[in-house]
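Analysis of the macromolecular model
Given next are the chains, with one letter for each unit.
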2 protein chains.
Amino acid sequence: MQEECKPTMNTGLRGVTVASTKVSDVIGAEGKLIYRGYLVTDLAARTSFEEVVHLLLHEKLPDKEELEHIKQQLTAERHIPGALIDALKTCPSDSLPMDILQAAVPMLANHDPEAADQNKEAAVRKAVRLIAKLATVLAAWERIRTGKTPVSPDPAMDHAENFLYMLFGEKPDSDLVHFFDVALVLHAEHSFNASTFAAREVASTRAHMYAAVSAAIGSLSGELHGGANVRVMQMLKEIDTVDRVKAYINTVLDEGRLIMGLGHAVYQTDDPRAHILAPMAKRAGELAGETKWYDISTVLEKEGKAAFKARKGIDIYVNVDFYSASLYYAMGIALDLFSPLFAISRVAGWTAHVIEEQYAGAAPKPTLYRPQSKYVGEYCGPDECRFVPLDER
Amino acid sequence: MQEECKPTMNTGLRGVTVASTKVSDVIGAEGKLIYRGYLVTDLAARTSFEEVVHLLLHEKLPDKEELEHIKQQLTAERHIPGALIDALKTCPSDSLPMDILQAAVPMLANHDPEAADQNKEAAVRKAVRLIAKLATVLAAWERIRTGKTPVSPDPAMDHAENFLYMLFGEKPDSDLVHFFDVALVLHAEHSFNASTFAAREVASTRAHMYAAVSAAIGSLSGELHGGANVRVMQMLKEIDTVDRVKAYINTVLDEGRLIMGLGHAVYQTDDPRAHILAPMAKRAGELAGETKWYDISTVLEKEGKAAFKARKGIDIYVNVDFYSASLYYAMGIALDLFSPLFAISRVAGWTAHVIEEQYAGAAPKPTLYRPQSKYVGEYCGPDECRFVPLDER
């Protein structure tokens, strides 16, 4: 196949097509995000997270019976081993929650007799397990680190509601459950971003599902990736009042910095997810009795776009992190759980990609990711350094 | 810069140069592996693992004072928190050791107040910590899973000797200490292989050292990568006697399979590390009173090469895994620790690469790895699938 030639060295592989995929498509110019053929806007408006899990793992939207089946599977897999709870209790309460999740995933493997099973059907079962259990791990950790007892999952509740119930220890408001379910749908998949690429890279060595997902969590923990919505919230807190938005924008532009949540590597228009999150952030703010963060966000979006246009002549667009920040904050979720919330949704996409990486062909793909590098270090001699013994150094 | 155009899609990035590096060079055609300018053959013959750690992290071979300093630092950082020992004790004894290591690394982050410190000097300290502690974690796990008490590190011993002491619970034979030290030197670094690429990929999001190294362990756990020397040993056990080597080769060739440990993605000649490992495998076998595995290996190398040449007309070369298998086995190390041994050495290279990824320039490199993918899935409509509500599915 003829491929376009792109520079690949020291570009972070931007614009370089590394693989074909059937999991999702991002049409940046049109602001479209598509999971297995379906617009994320349709999915967010009309499906639950469980339906999206089925779509991603089984490559089709479920019918009623299939939906019931995947719900039952997810519900049955929510519990986590008592031994893992004990392990979490050994961790200092100020541990970074992303580190907790990254550690917990290979520890879950220790309790899964199918961990090393290389069969595709086992991989799908492991995916379901991980999607179900990662939420429980996160909720358990939030309880443990705040000195509370972990809440057992409630099989009567769907995934979103049950997570909030385990997190807060009480039945959550139905509006918030809906908002959170939509947020789970919106964050479930986004093609070859850094964390998904990490998952696929690890899976390409035939490492198991847990190893790959743990690596993805590590990648997501970086502030350039999953940490972005935290930085949005920190920015909103720094601004603090609506009347300070304009001054903040001017300062940022004067200093040549960026406005967190504006701009995206892929979209050349507003991120389709932002427009779905915004009204939910508003309503969640109203429910919490504090709409300030949403209000600052809307003014910041409008004035920030105008200022970039006026002063730099460029159009800048709102991304997914811009309104998820104020939504999660209004829901009463701790700032350092924002990235972990991303993880408990994106695990659906990661696992779908791992399955594709390992089983898309007739046999596991033999080409593990093994790029080249160009050595630009010194050679001390004509070919390489003449070795100098310790006594002569 | 003008770069050669290589196909990138679905090729596992083979032959694609993704970054410049000063850490190491592999000259495949000449069978040369170079760490920061020095031939690995020189380093293996004349340096210790501690000197190589200094070379990789500080970009120069240490003088006597610097060597003493890095030894002191490594020795001082060997201990692991009691809480981590407690966490390991919660894990089932049949846990995969690579899963244990992958989980333990982010748990070490929980106990490191500098975990999230983005300063370069802190990154180097974290590198030293990880190199020191990963060996202790592995030895502790081996003790725990076999019902023994973890052995505290002995500050009077160097890294290689101390590891074997913690693993076996007694002062190890001095020849074995030397062999293991050389093995640590030989496995410390190998440019952008899959695990190193995973570490750099995770680091590129500005995730911390522990997150990146944990991901690398996940990548190394795959049987196509760190699992290769285990498969060599399994093959040797399947062959079992020297007189069955030829029949084994014929069977493998008849079935179009590969001989484990023969062939490498990068070298077009014998792996320089193999010729250093081979005599150590022989001597370790003699010390253990069982040279069979080494004997099978040498015959298999000779006859395997000849058979590939005769029947397929191709030259095939011995790689690093071919003789490390019988060396480790003769040292009395459990098969499922072979890949973890790789990890406790390669962590030196991984951490050097993470530092380069994050601090090679004046500021943290802004281009996180974010490749493109090509969507080859279906669209159910002209642009994308028309959404079908649940009731109509």
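From a predicted model like this one, the values you see are computed outputs, not experimental measurements.

Details of the relation of the copies chain B and chain A
Superposition of chain B onto chain A requires a rotation of 180 degrees combined with a translation of 0.0 Å along the rotation axis, giving an RMSD of 0.0 Å. Within this description, the copies of the chain are treated as partners about a two-fold rotation axis. A shared interface surface links the copies, since 100% of the contact residues of chain B are contact residues in chain A too.

Some details on the domain arrangement of chain A
Residues and elements named next belong to chain A. Along its sequence, chain A is organised into domain 1 (24-224 + 335-359) and domain 2 (228-330). The gap between the C-alpha centroids of domain 1 and domain 2 is 27 Å. At the interface, 27 residues of domain 1 touch 27 residues of domain 2. Both faces considered, domain 1 and domain 2 share a buried interface measuring about 2,200 Å² in area, 71% of it formed by carbon and sulfur atoms. Per-residue buried area on domain 1 facing domain 2 is highest for F179, L335 and F338; these three make up 29% of the total on that side. Along the contact surface separating domain 1 from domain 2 lie two salt bridges. Among the secondary structure elements, those contributing two or more residues to the side of domain 1 that touches domain 2 are β3 (32-35), α1 (40-46), α8 (174-186) and α16 (338-359). When the residues that make up the side of domain 1 that touches domain 2 are grouped by side-chain class, the tally is 15 nonpolar, six polar and six charged.

Comments concerning the packing of aromatic side chains
Residue and element names in this part refer to chain B. Summed over the entire model, instances satisfying the criterion amount to 17 aromatic pairs over all chains. Ring centres of F163 and F180 lie 5.3 Å apart, and the angle between their planes is 20 degrees; on these two criteria the pair is classed as stacked. A residue pair is termed long-range when its members are at least 10 positions apart, and F163 in helix α7 (residues 159-168) and F180 in helix α8 (residues 174-186) qualify at 17 residues. Across the pair, exposure class does not vary: F163 and F180 are buried alike. Ring centres of W293 and Y329 lie 5.7 Å apart, and the angle between their planes is 85 degrees; on these two criteria the pair is classed as edge-to-face. With W293 in helix α14 (residues 292-312) and Y329 in helix α15 (residues 320-330), this pair connects stretches of sequence that are 36 residues apart. By relative accessible area, which is 12% here, W293 ends up buried. A relative accessible area of 26% means that Y329 is categorised as partly exposed.

Overview of helix α2 (residues 49-58) of chain A
All names here are of chain A. Of all 10 residues that make up α2, nine are buried, and the element is covered over most of its length. Every buried residue of α2 is accounted for by F49, E50, E51, V52, V53, H54, L55, L56 and L57. One or two positions beyond α2, positive phi appears at E59, with a value near 65 degrees.

Here's the deal with the environment of Q73 of chain B
Residues and elements named next belong to chain B. Turning to its location among the elements, Q73 is positioned in helix α3 (residues 64-76). By relative accessible area, Q73 is classed as partly exposed at 28%. Along the sequence, Q73 and V18 sit 55 residues apart, while their C-alpha atoms lie 33 Å from each other.

Calculation notes
- Residues numbered from 1 in each chain as written.
- Chains lettered and ligands numbered in written order.
- Predicted model: local features only at pLDDT ≥ 70, side-chain atom pairs only at ≥ 80, totals over all residues.
- Heavy atoms only, no water.
- Least-squares fit on C-alpha atoms with pLDDT ≥ 70 in both.
- Contact = heavy atoms within 4.5 Å.
- Domains from an automatic or database assignment.
- Buried area = accessible area lost by both parts, 1.4 Å probe.
- Salt bridge = Lys/Arg side-chain N within 4 Å of Asp/Glu carboxyl O.
- Helix = DSSP H or I, 4+ residues; strand = E, 2+ residues; numbered from the N terminus.
- Nonpolar A, V, L, I, M, F, W, Y, C, P; charged D, E, K, R; others polar.
- Phe/Tyr/Trp six-rings, centres within 6.5 Å; stacked < 30°, edge-to-face > 60°.
- Buried < 20%, exposed > 50% of the residue type's maximum accessible area, 1.4 Å probe, protein only.

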